[in-house]
Amino acid sequence: MEKQELVVIGNGMAGARTVEEILARGGDKQFDITIFGDEPHGNYNRIMLSAVLNGSREANDIFLHPREWYAKHNLTLHAGVRAETIDRVGQTVTANNGLTVPYDQLLIATGSRPFVPTLDGLKKADGAHKPGIFVFRTLDDCRRIESYANKCNRVAVLGGGLLGLEAARGLLNFGCEVHVIQRGERLMNQQLDTQAAHILESAMRKLGIKTHCNKRTTAILGEEIVTGLAFADGSVLDCDMVVISCGIQPNVELAQKCGMTVERAILVDDQMHSIDDKNIFVVGECAQHRGVTYGLVAPLWEQSQVLADVITGANPNAMYCGSKTSTKLKVLGVELAAWGVPDAIEEQDETVCYAEPKRGIYKKLVIRDDRLIGGILLGDISKACELMPAFDRGTLLPENRASLLFESGTPNRRFTMLEMPDEAPVCQCNGVTKGTIRKCVLGGAKSIGAIMSATRACTGCGSCKSLVREIAEWANEGQLDD
C-alpha cells in the first residue's frame, strides 16, 4: 500500500513522543513522516531544564531523541524551522523558509510558551524585553540565564510554581541572592495546601532562597537595564535580573489562522482529532479536551497513545476520556507526590493528615465516599505506589485510614507488585509504567542501568529509582545485577 504523508508541527515532548508511539505500532510502513520544530536540535526533556541550569546535568544528558534518532527512523526533521500556515483545503503546510509540504494526515503539537504578565517597564521603546529579563522554557533560555546570572548579585523569580522554584534553585549556583515572588498566598498552590507549602518554604530558606507570597508585581524598574521590582503594596525589591515563570500559554495562533476552533486551546474530540477536521490531530498542551488543557506530562503520554492507536489503525476505536492529574517528582531536592485536589471541597469530604515539620514530612489524604479524591506526600513518598493507583482507579479504601499512610499497624497488609496494575505510572518524567519495566526485565534487562537505558526510567528527577528497583527485583524473582 502506498504510504501517506504525515506532517507533525512541533518537536517537543508531546510531538516527538507521539511519533515514537506511531513508530512502535508499525507507522513507518504506513507513513512518510515530516517534522517541523522551532528549536535547532532534537527533542529533549523539558522537566530536566532545572538540572541543566543548576549544573547537575549537561545539556546533552537530557535529550530524549537526538538528531541521530530521526535519521535512524527515516524521519525528515526540519529543526529550527517554524510552520507558518496550514492550507486545510489544499492540505499543505508552509514554513518560514518558504518550504511547502503536502499532508494526508496532520498532527499539531505546538505546545505552549511562557505566560508573561503585563508589567510597566517590561519592554524598551523598540518592543524588546529590557536587558536582565528572562523566561525559562528552553535550552537556549538556560544558556542566556547562565550567561547573565554570572554577573548578577540579586535575582528575582516571578512565580512560585514548580518551574519557578526549580529556576530559583539553579540560580543559587551562580552565587546570587535569590528571591521568589508569588502572587498567591502560597507556593505551588495548584499542588499543595497551606501547611505543605509552609514546609516547602522552610526547605527553601535552608537553601538560602527568600520567598515573598501575596506580592503582586506591578513594574520592573530601571531605565536601560533591570534595577528592581515594584509591588502593589508600595514596596520595592532591588535586583539586577528577573526570571519570569508565571505559567504557560498554549500556542494556538497557527490553528486560529486556518479557521480551527480555539478556546483556551485547540478543541479536540475523544480520539484527539480537531473537532473541525478529521485529517488533523492535536496533542499536548495546545489541545483542549472536554474543556480541560493539561500541562503535566502524564496526560500527554496518554493522549499520544490514543492518537497513535487511532492513526495507525492499531485500535481505531481507542478513546481518550481525560486524565486524573497526579505528579511525582523532586522539588528543591524534596520528594513530592501530589494528585487530585489539595483540600476538602464538600462538607462530607474526609481529611487524613500527618505532619512532622522539623523533618520536612507531610502526608495528607482527601477522601470522599471511601475513595481518594486528592493527596499530598511531601518528604516521604514511600506510599505513593499504593495511593496513586488507588486514586486513578477509584479503589475503595480500608476503614483503617492510618494504614494508608504508614507501613506499621494492623490490619495493614503490604502492597504487592501483583496488586499494582501494569498501567500504573512509575516514572512520571518519562511516562514509564510498571508494565514497561516488567517487560523490559523479562526481555533481558537485569540491572538498573540496563532498565534506565531501555526505558528512560530514573533519568528524570530520580524520585522513582527505589520503586523501579523494587519492580525489577519482583519481575526477576528477587535477583538484580549491580
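Residues numbered from 1 in each chain as written. Predicted model: local features only at pLDDT ≥ 70, side-chain atom pairs only at ≥ 80, totals over all residues. Heavy atoms only, no water.

### What about helix 1 (residues 13-24)?
Part 1 of the reasoning: Here helix 1 spans 16 Å end to end across 12 residues, near enough to the 16 Å set by a 1.5 Å rise per residue.
Part 2 of the reasoning: When you tally the buried positions in helix 1, you get 10 out of 12 residues, the bulk of the element.
Part 3 of the reasoning: Among the residues of helix 1, those classed as buried are Met 13, Ala 14, Gly 15, Ala 16, Arg 17, Thr 18, Val 19, Glu 21, Ile 22 and Leu 23. (Helix = DSSP H or I, 4+ residues; strand = E, 2+ residues; numbered from the N terminus. Expected span 1.5 Å × (residues − 1). Buried < 20%, exposed > 50% of the residue type's maximum accessible area, 1.4 Å probe, protein only.)

### Observations regarding the side chain of Thr 34
Part 1 of the reasoning: Counting through the fold element by element, Thr 34 comes out in strand 2 (residues 31-37).
Part 2 of the reasoning: In contact with Thr 34, not counting residues within four places along its chain, are Leu 6, Val 7, Val 8, Thr 76, His 78 and Val 101. (Contact = heavy atoms within 4.5 Å.)

### Side note on the pattern of salt bridges
Part 1 of the reasoning: Tallied over the entire structure, the rule returns 28 salt bridges.
Part 2 of the reasoning: Notably, a salt bridge pairs Arg 113 with Glu 253, separated by 2.8 Å at the nearest N-O pair. One end of the pair, Arg 113, is in strand 10 (residues 112-114); the other, Glu 253, is in helix 7 (residues 253-257), and 140 residues separate them in sequence.
Part 3 of the reasoning: The partly exposed category is assigned to Glu 253, whose relative accessible area is 35%.
Part 4 of the reasoning: Linking Glu 185 and Arg 186 is a salt bridge whose minimum nitrogen-to-oxygen distance equals 3.2 Å.
Part 5 of the reasoning: One continuous salt-bridge network, built from bridges that share partners, spans Arg 17, Glu 21, Arg 25 and Asp 309. (Salt bridge = Lys/Arg side-chain N within 4 Å of Asp/Glu carboxyl O.)

### Some thoughts on the nonpolar core
Part 1 of the reasoning: Among the nonpolar cores identified, the biggest contains 56 residues, and Ile 33, Ile 86, Val 93, Leu 106 and Ile 108 are the most heavily contacted of them.
Part 2 of the reasoning: The element that contributes the greatest number of residues to this core is helix 8 (residues 297-312), accounting for 8 residues.
Part 3 of the reasoning: Here Ile 33 is in contact with Leu 6, Val 8, Val 19, Leu 23, Leu 75 and Thr 76, once residues within four sequence places are set aside.
Part 4 of the reasoning: Met 48, Ala 149, Leu 187 and Met 241 belong to the second largest nonpolar core, which has 47 residues in total. (Core = buried A, V, L, I, M, F, W, Y, C linked by side-chain atoms within 4.5 Å.)

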